[in-house]
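# Coordinates in review
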Amino acid sequence: MGIKGSSTRQVFFMDCKVPVENVLGEIGKGHLIAFNILNIGRAKLAAAALGGSKQVCTQSVEYANTREQFKLPISKFGAIKHKLAEQAIRIFAIESAIYRVSGLIENKEEEMMADGKSFESALLGAAEEYAVECAILKVAGSEVLDFVVDEGVQIYGGYGYSADFPMDRAYSDSRINRIFEGTNEINRLLAVDMILKRAMKGELDLMGPAMSVQKELMGIPDFGNGNNKLFEEETKVVANMKKAILMIAGTAVQKYMMTLAKEQELLMRIADMAIDTYMAESILLRVQKLVATKGEEACALQIDMTSTYVNDMVDRLNVNGKNAINAMCEGDEQRMLLMGLKRFSKMAPVNTIAARRRIAKAMIEANKYPF
Ligand SMILES: Cc1cc2nc3c(=O)[nH]c(=O)nc-3n(C[C@H](O)[C@H](O)[C@H](O)COP(=O)(O)OP(=O)(O)OC[C@H]3O[C@@H](n4cnc5c(N)ncnc54)[C@H](O)[C@@H]3O)c2cc1C
């Protein structure tokens, strides 16, 4: 065992002997435990990032309400309202995804324990089942925290850069989350790789839905029915985002086959499309449930958050999709896929500025993150 220079605070174990009674699990199978621990670790990292994000968001609102410029609290300025609302929207979205994945893991764990598994192996088994979701949470959670903290620094202005105020510490603490528990690049690659491996093993049907999307592309587009029922548009958009992923990932698999792993830029775009879609679906599912229990009026701001978030995610999906298609194909195939992407990333207009103003107003009045 060697200890490297203390300034790096790293400990290396080399040829280290472990007494037999201290061996955990089976010799040679430690990586299985380690990998599954990582899944739980990734979900927990997202939950910790959520807690940090909420705290920073509250500090941002409090500061914006007290700091005056041009004889007004800076929370009165639209530029600051936008930042506060966007902090809240992204926090609410990642919280929705965390609730969703935690519920899925808990249900699976109970199912496995009912089948006779011990608590420990049920926990690891359930986390393995939702390993893709855990990777998604890790990436999304750490990036929400980074965004929220970065905007927190900006709202504090020069004081954001000073160690006498809280944002300086938050900025440095937040950054590690994108690096440990598997860097966000590795988690993005892993998420896509796990989905494709499950499809190849026949555990996940990707080909069936991908073929249906191909067929749909040949047909007449859906022009909508002009119906404004609550969440009808968002539900359609999220379903179409999934079709766009199937279309692009399906093309990537066909084009590159066994060499797809080398096309990392493409895999990153596909991972981002999957993450944005999962997050958009999570906020939508949560707010649908909320409205069902509390009613539409009580959930007006959560509805604003949902339509604004889905609007932004589908635009991001469009950009990622375009970059992926343009890297993979040319000519007629490129035109057809770009047309398909346009069809699958359409959304009725949302006045996101008005929605963010309403969300910020509630935050400023509550003087905290209130959702
Ligand atoms: C404060 C702190 C606490 C930590 N705690 C723990 C701990 O408790 N347990 C533990 O096991 N580890 C811990 N780590 C280690 C941490 O998990 C690693 O730093 C992290 O996994 C990245 O590895 P690396 O530093 O070797 O970076 P590298 O692997 O050298 O990565 C450098 C860059 O290259 C990218 N990269 C690397 N490989 C690829 C690839 N194949 N494809 C594309 N991009 C790639 C990375 O995404 C990154 O951007 C900790 C690190 C820090 C800083």
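These notes cover the structure that comes with them. Note that the structure is a prediction, hence the values are computed from the model and not measured.

### Details of the packing of aromatic side chains
The geometry of an aromatic ring pair comes down to the distance between the two centres and the angle between the two planes. According to the stated counting rule, one finds four aromatic pairs in the structure shown. Between Tyr-156 and Phe-165, the ring centres sit 6.4 Å apart and the planes meet at 70 degrees, which makes this aromatic pair edge-to-face. With a centroid separation of 5.7 Å and 80 degrees between ring planes, the pair formed by Tyr-369 and Phe-371 is classed as edge-to-face. An aromatic cluster of three or more residues is present, and its members are Tyr-63, Tyr-156, Tyr-159 and Phe-165. Over the ring of Tyr-278 we find Arg-100; its NZ or CZ atom is 4.1 Å from the centre of that ring.

### Describing the side chain of Ser-142
Residue position: Ser-142 is located in helix α4 (residues 131-156). Not counting residues within four places of it along the chain, the set of residues in contact with Ser-142 comprises Leu-45, Ala-49, Leu-137, Asn-177, Arg-178 and Asn-184.

### Structural notes on the site of the ligand
Near the ligand you find Ile-176, Ile-179, Phe-180, Thr-183, Glu-185, Ile-186, Leu-189 and Gln-264, and these make up its full shell. Taking Glu-185, its side chain carries an N or O atom lying 2.6 Å from an oxygen atom of the ligand. Coverage of the ligand by the protein amounts to 31% of the 960 Å² it exposes when considered alone. In terms of residues, the shell around the ligand owes the most to one element, helix α6 (residues 184-200), which gives three residues. The residue inventory of the shell around the ligand, partitioned by class, reads five nonpolar, two polar and one charged.

Thresholds applied
Along each chain, residue indices are assigned from 1 in the same order as the chain's sequence is written. Local features are withheld for residues below a pLDDT of 70 in this predicted model, meaning they are given only at 70 or higher, and side-chain atom pairs are given and counted only at 80 or more; totals for whole chains, interfaces and linings count all residues. Hydrogens and waters are ignored; side-chain quantities use all the structure's heavy atoms. Two aromatic rings from Phe, Tyr or Trp, using only the six-membered ring of Trp, form a pair when their centres are within 6.5 Å; if the ring planes differ by under 30 degrees the pair is stacked, by over 60 it is edge-to-face, and anything between is tilted. When the NZ atom of lysine or the CZ atom of arginine is within 6 Å of a ring's centre and also within 35 degrees of its normal, the charge is said to sit over that ring. Helix and strand labels come from DSSP, where a helix needs a run of H or I of at least four residues and a strand needs a run of E of at least two; each type is numbered from the N terminus. The contact rule is simple, with two residues in contact once any of their heavy atoms fall within 4.5 Å. Near is defined per residue: the residue qualifies when any heavy atom it owns lies within 4 Å of the molecule or strand. Throughout this description, a polar contact denotes any pair of N or O atoms lying within 3.5 Å of each other; where both atoms belong to protein, one of them has to be capable of donating a hydrogen while the other can accept it, and for residues adjacent in sequence the pair is counted only when both atoms sit in side chains. Values of accessible area rely on a 1.4 Å probe in the Shrake-Rupley scheme; residue burial ignores everything except the protein chains shown. Three classes are used, and their members are as follows: Ala, Val, Leu, Ile, Met, Phe, Trp, Tyr, Cys and Pro are nonpolar, Asp, Glu, Lys and Arg are charged, and the others, Gly among them, are polar.

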